[in-house]
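# Structural overview
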Amino acid sequence: MKNILLIGVGPHARRNHLPALLDARRDGLVSTVVGVDLLEAEAVVEGHRATGPVGEVVMHYVESFSATEDTLPGEVRALLDRVVREHSVDAVLVATEPSFHVVYSKWALGAGLSVLLDKPLSVHADSSTDPARAARIQTDFDDLARAYDAARREDADVVVSVQCQRRYHPAFLVMRDLVAEVAAYTNCPVTSVQSFHSDGQWRLPDELLDIGYHSFDRGYGKAAHSGYHFFDIVPWLIEAGERPGKALDSVEVHVNSTRPVDLLAQLTHTDYDRLFPGFAEAVRYPEDELRAAVAGFGEVDAFVSLAFKSTGRTVTLGSINLVHNGFSQRGSFLPNSADLYKGNGRVRHETHIVEQGPFQAIHFHSLQSLDDDHGGAGTRGGHDIGEKGHVSLHVFRNDAFNPGWRRYEGLDRDAVERAAGGHGEPSQSASRRRAVHEFLEFLNGKRDRASMASELPTHRRSSALMAGTYLSAARQWAGRPGVVAVDFRRSPREPGEPHGGLGPVPGEGGVRRP
């Protein structure tokens, strides 16, 4: 059994990572779980000790430091080194605010520890307004990949896995197999893909300044909060259909986005006063003052247009549409919790449409009507609610071309689970647990590296898409053209190198696999 250090014990970790680690302890994969968080969060974290999984964790606290640091401050490093020695730590799970992911991961690798890294791999303050900071998202990947290579030269058993749970979700595993099957038969790649995600976070005007969790004040937003999942899963699905001579080497990216100042135009203070009587007396920030304060804040919604290319030809068109400001079940002026994470009507809607030319279309739907904290299962008005929600997969094939294909097959939640061959419940929470479990199985010698679904080197394209999206937004903020060419084979440089990762792309074939 292994001893695990969890760095970052915030709402997401308390709800997902800690229960998964404690379940694994009961399964004989984990011995001790040690937690580290900031001193400023100590009161909040300790407040959960009596009622949640924090009660089973040995906690330590460190001083906060700037996200611009390339290495950990000496006192933070000293404390972590001591924790590793005292608790014989074998591996680290990094679940901090994402601008700190790389610095903690590089420390862990330097100490010879394996890492399970939460998404996204990295982001930087003002990534949506500063092109140089946007480009660093991909150079961070390269820095981390080099640190990983160095650690493996010292210890071949070190692993870095990225927790992107859709790679473990039965529906996406079935979709990937379907794409690969048709590509092998027809030599046709994925020709278009449309992905949509909304998490229904209704954030009222004062909360744009007052609530820091999944906020926009650091100069980034939805694309960093949950967008990485889609920057990851879209190329992961497309990859299953790549054929010789049709491998992707680049993608053109353009994003349109709304920011908090646009949110304040969609629903004004006058509108809110009509929707919530007494709003005008309760609101803390005058409208003009609030608009000035949120200037330069990150994106609320982001619609990303993509053209994936091979040797200069567009092989796959795509869109990734990311929405915070979507359908919600929040109905009260005052939030039910301090961070809006759960219990405030956040309702997830997710769809994916994958086309393979004239041969196949796949539609995936995952839709909720209430947020997870309404019990996870049950009915209101006769419909499933909560985490179970509505999950369905619809597969259309051209049986006029191939009579052996089924023209249409619809799979509900149970059928998806059966079709995936024992991969388990088709939910995001169960898939997160599977990601943690896979990492722990590897540490305990129960899984080989080749079967790891989300090892770091497979995330080059995902990081490049996120970097390209933010560079598109930042260039438009600076009054420059917003179309960004991302070379999947190189890392970005900003500004002005002729063949950087985010710039003009040479028309060469092939893609260098990690």
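Summary of the structure given here. (Residues numbered from 1 in each chain as written. Predicted model: local features only at pLDDT ≥ 70, side-chain atom pairs only at ≥ 80, totals over all residues. Heavy atoms only, no water.)

### Remarks on the overall build of the protein chain
In plain terms, the rule: Strands are runs of DSSP state E lasting at least two residues, helices are runs of H or I lasting at least four, and both sets are numbered from the N terminus onward. Computation of the radius of gyration draws on C-alpha atoms, with the globule rule given as 2.2 Å multiplied by the number of residues to the power 0.38. Throughout, a residue-residue contact means that at least one pair of heavy atoms, one from each residue, lies within 4.5 Å. Note that accessible areas follow from Shrake-Rupley with a 1.4 Å probe, and for residues the cover is restricted to the protein chains shown. Neither His nor the chain ends is counted toward charge; the positive residues are Lys and Arg and the negative residues Asp and Glu. Here the site of a charge means atom NZ of a Lys, CZ of an Arg, CG of an Asp or CD of a Glu.
Broken down by element type, the protein chain carries 16 helices and 17 strands. The C-alpha radius of gyration of the protein chain comes to 23 Å, within 12% of the 24 Å expected for a compact globule of 514 residues. Reported as C-alpha extents along the three principal axes, the dimensions of the protein chain are approximately 65 × 60 × 55 Å. Within the protein chain, contacts between residues separated by at least 24 positions form 71% of all contacts whose residues are at least 6 apart in sequence. Carbon and sulfur atoms make up 50% of the accessible area of the protein chain, which totals about 20400 Å². Distance from the positive charge centre (56 side chains) to the negative charge centre (68 side chains) of the protein chain: 5 Å.

### Overview of unusual backbone geometry
Outside of glycine, negative phi angles account for most residues, and trans bonds account for most peptide bonds. Selection rule: Working definition: with a 1.4 Å probe on protein chains only, accessible area under 20% of the residue-type maximum means buried, over 50% means exposed, and in between means partly exposed.
With an omega of -20°, the peptide bond between Lys 119 and Pro 120 qualifies as cis. Within the fold, Pro 120 resides in the loop between β5 (114–118) and α5 (131–154). If you check the backbone angles, Asn 187 has positive phi at about 65° while not being a glycine. Relative to the assigned elements, Asn 187 resides in the loop between α6 (170–186) and β7 (192–198). Asn 187 sits in the partly exposed class, given a relative accessible area of 32%.

### Considering helix α3 (residues 74–87)
Applied cut-off: What a helix should span is 1.5 Å times the count of its residues minus one. Think of the arc as the fan of directions from the helix axis to the C-beta atoms.
Between its first and last C-alpha, α3 extends 20 Å over 14 residues, near the 20 Å set by a 1.5 Å rise per residue. Looking at α3, one finds that the buried residues are Val 76, Leu 79, Leu 80, Val 83, Val 84 and His 87. All buried residues of α3 fall inside an arc of 135° around its axis, so they share one side. Exposed residues lying more than 90 degrees from the buried face of α3 are Gly 74, Glu 75 and Arg 85. For α3, the elements touching its buried residues are β1 (2–7), β2 (30–38), β3 (58–62) and α4 (101–110). One or two residues past the end of α3 sits Ser 88, with phi positive at roughly 50°.

### Description of the packing of α5 against helix α16 (residues 460–477)
The condition is simple: Axis lines are fitted to C-alpha atoms, over the contacting stretch for helices. Their N-to-C directions set the angle, which ranges from 0 to 180 degrees. Angle categories: roughly parallel below 35 degrees, roughly antiparallel above 145, roughly perpendicular from 65 to 115, and oblique for all the rest.
Close contact between α5 and α16 brings their axes to 7 Å; oriented N to C, the two are set at 175°. By the angle class used here, α5 and α16 are roughly antiparallel. Every residue of α16 that contacts α5 at Pro 131, Ala 134, Ile 137, Gln 138, Phe 141 and Asp 142 is listed here: Arg 460, Ser 463, Ala 464, Met 466, Ala 467, Tyr 470, Leu 471, Ala 474 and Arg 475.

### Structural notes on the sheet that holds strand β12 (residues 360–367)
Across a sheet, paired strands are connected by hydrogen bonds in the backbone, their directions being either parallel or antiparallel. Stated formally: Note on pairing: DSSP must find at least two bridges between two strands before they are called paired.
The strand order β16-β15-β12-β11-β7-β10-β9-β8-β17 describes an open sheet built from 9 strands, whose pairing is mixed. The open sheet is flanked by β16 (408–411) and β17 (484–487), the only strands paired with a single partner. Neighbouring strand axes in the sheet, compared pairwise and without regard to direction, differ in orientation by 15° on average. Strand direction decides the pairing type here: strand β8 (residues 250–258) and β17, joined by 4 bridges, are antiparallel. Note that in β17 the partner of Val 251 across the bridge is Val 486. On the sheet, helix α9 (residues 228–239) packs against β7, β9 (301–310), β10 (313–323) and β11 (349–356) and is oriented at approximately 150° with respect to β10.

### Side note on the pairing of β12
By the bridge criterion, 8 bridges tie β11 to β12 in an arrangement that is antiparallel. The residue of β12 that forms the bridge with His 352 is Phe 364. Between β11 and β12, which follow one another and run antiparallel, lie 3 residues, and Gly 357 among them has a positive phi close to 50°.

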